[in-house]
Amino acid sequence: MIKGIIPMTYCFFNKNNTIDLNIMHEQISLIKKLGSNGIACLGLATEVNKLDFVEKKKIIELVAKISNGSLPLVVTISGKNVTEYKKLIEIAHFYDASWIVFQPMLKKNTTDKDCFDFFNKIIGLVNKKTLVGVQNAKEYIGVGLESPEIITLYKKFSNFRAIKGEASATLIQSDITQYPKNLKVFNGRGGQEIVDNFLAGCSGIIPSLEGVDFFLKIYKLIQEKKISEARKLYKKILPSIVFSMQSIDSLVCYGKRICAYRMGIKKIYDRSPGLKPTNFGIKLSKQFANDLGKF
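Just so it is clear, the structure is predicted and the values come from calculations on it, not from any experiment.

About the criteria used
- Residues numbered from 1 in each chain as written.
- Predicted model: local features only at pLDDT ≥ 70, side-chain atom pairs only at ≥ 80, totals over all residues.
- Heavy atoms only, no water.
- Helix = DSSP H or I, 4+ residues; strand = E, 2+ residues; numbered from the N terminus.
- Rg over C-alpha atoms; globule rule 2.2 N^0.38 Å.
- Buried < 20%, exposed > 50% of the residue type's maximum accessible area, 1.4 Å probe, protein only.
- Areas by Shrake-Rupley, 256 points an atom, 1.4 Å probe, with all protein chains shown as cover.
- Lys, Arg positive; Asp, Glu negative; His and termini not counted.
- Charge placed at Lys NZ, Arg CZ, Asp CG, Glu CD.
- Expected span 1.5 Å × (residues − 1).
- Bend = angle between axes of the 7 residues up to and from the residue.
- Arc of directions from axis to C-beta.
- Contact = heavy atoms within 4.5 Å.
- Pairing = 2+ DSSP bridges.
- Axes fitted to C-alpha atoms, helices over the stretch in contact; angles between N-to-C directions.
- Right-handed = clockwise from strand over helix to strand, strands pointing away.
- Phe/Tyr/Trp six-rings, centres within 6.5 Å; stacked < 30°, edge-to-face > 60°.
- Lys NZ or Arg CZ within 6 Å of the ring centre and 35° of its normal.
- Polar contact = N/O pair within 3.5 Å; in protein donor to acceptor, adjacent residues only side chain to side chain.

(A) Molecular detail of the overall build of the chain. Helix and strand counts for the chain stand at 12 helices and 8 strands. Rg of the C-alpha trace for the chain: 18 Å, near the compact-globule value of 19 Å for 295 residues, within the 12% margin. The dimensions of the chain, computed from C-alpha atoms along their principal axes, are 50 × 45 × 40 Å. Within the chain, the proportion of its 295 residues that are buried is 57%. Put simply, the chain shows about 13,400 Å² of open surface, and 52% of that area lies on carbon and sulfur atoms. A gap of 3 Å separates the mean positions of the 44 positive and 26 negative side-chain charges of the chain.

Here it is, written out as structure tokens:
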């Protein structure tokens, strides 16, 4: 079972709005170098809603090629239609993804029931040997599943054994108490409440990259039962998390910049639609990157 700190890749762009494959390569190599417990792609931080099918395919291929089986590969799948989901499932299978995480197929007026009905159909398309789960991010995308619906899917699908949540530690803990012990819960939210998430029973965190070196140290301290030391280290990175995690738009605008500046990258290009950086926001991003230091 995968666990620990599994960074979600950002998507870096060139000036001409294409994906910057060189920076992507550097990012994936850095995730390996840091000693991460896995690598994830095509989540909200990857700006997956702005990518077409060919670009999604390319990112999966790039992550798989560079990580080269050295890290568990987590592929988040979303698409405009069922056909796109099926094609991405096939690609994830081809590259031996350890865990496939489904986002709901969002359309106008999508309801919680629509999410459940969709997951109930799409999960069965995954190879039974591959871990499968859903991204339950109701706080960010407005729709999701309640615990009874999660348990229904758990009982129906033998490989549905992990949830990617986006909720507070208290809410996550309440959910975990209702789940079977082998239904593993991961949280995200850029590493917010990371110590409390693990104390609540989370198996891991899937954060964006800019603070992963700190998160890996915190995770190690928690494993060693050094909770006070873990909290002290968390306090050092918390201001940066608060700054970038105001929203998903803020994360991909400013969180990505903090990450880039820590990597030594000076120029960042944004793909629309999204939050446009201000000079003040860029200045703060550089300050937070400087506070955290180079990777």
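The rest of the description comes next.
(B) Quick look at helix α11 (residues 248-263). Compared with an ideal rise of 1.5 Å per residue, which puts 16 residues at 22 Å, α11 spans 21 Å between its outermost C-alpha atoms and is within 8% of the ideal. The largest bend in α11 comes to about 25°, at Y254. The buried fraction of α11 amounts to 14 of the 16 residues, a majority that puts the element mostly inside the structure. Once α11 finishes, G264 follows within two positions and takes phi at roughly 90°, a positive value.

(C) Structural context of helix α7 (residues 169-178). Taken together, the buried positions of α7 are A169, I172 and I176. The arc that holds every buried residue of α7, seen down its axis, measures 60°, which confines them to one face. Opposite the buried face of α7, by more than 90 degrees, sit the exposed residues T170 and T177. On its buried side, α7 packs onto β6 (160-165), β7 (184-187) and α8 (194-199).

(D) Summary view of the sheet that holds β7. Overall, parallel pairing links the 8 strands, which are arranged β1-β8-β7-β6-β5-β4-β3-β2 in an open sheet. The open sheet is flanked by β1 (4-5) and β2 (39-41), the only strands paired with a single partner. Sheet topology places β7 next to strand β8 (residues 204-205); 2 bridges connect them, and they run parallel. Bridge pairing in β8 links N187 to I205. The strands touched by helix α2 (residues 53-67) are β2 and β3 (73-77); relative to β2, the strand with the most contacts, the crossing angle is about 165°.

(E) Spotlight on the pairing of β6. Burial of β6 is extensive: 6 of the 6 residues sit out of reach of the surface. Two elements, strand β5 (residues 131-136) and β6, share 5 bridges in a ladder whose sense is parallel. When the bridges of β6 are listed, G133 appears paired with A162. With α7 bridging β6 and its parallel neighbour β7, the resulting β-α-β unit is right-handed.

(F) Region of the structure containing the packing of aromatic side chains. By the definition in use, this model includes 9 aromatic pairs. Residues F118 and F119 carry aromatic rings whose centres are separated by 6.1 Å and whose planes lie at 55° to one another, so their mutual orientation is tilted. Relative accessible area serves as the criterion here: at 10%, F118 is assigned to the buried category. The ring of Y154 carries the charged tip of R161 above its face, separated from the ring centre by 3.8 Å. Of note, K256 hangs over the ring of F12, and the distance from its end group to the ring centre comes to 5.7 Å.

(G) The side chain of K50, seen in detail. Within the secondary structure, K50 is located in the loop between β2 and α2. A polar contact of 2.8 Å, which involves the side chain of K50, links it to the backbone oxygen of P273. In this structure, K50 is in contact with E55, R271, S272, P273 and G274, ignoring residues within four places of it in sequence.

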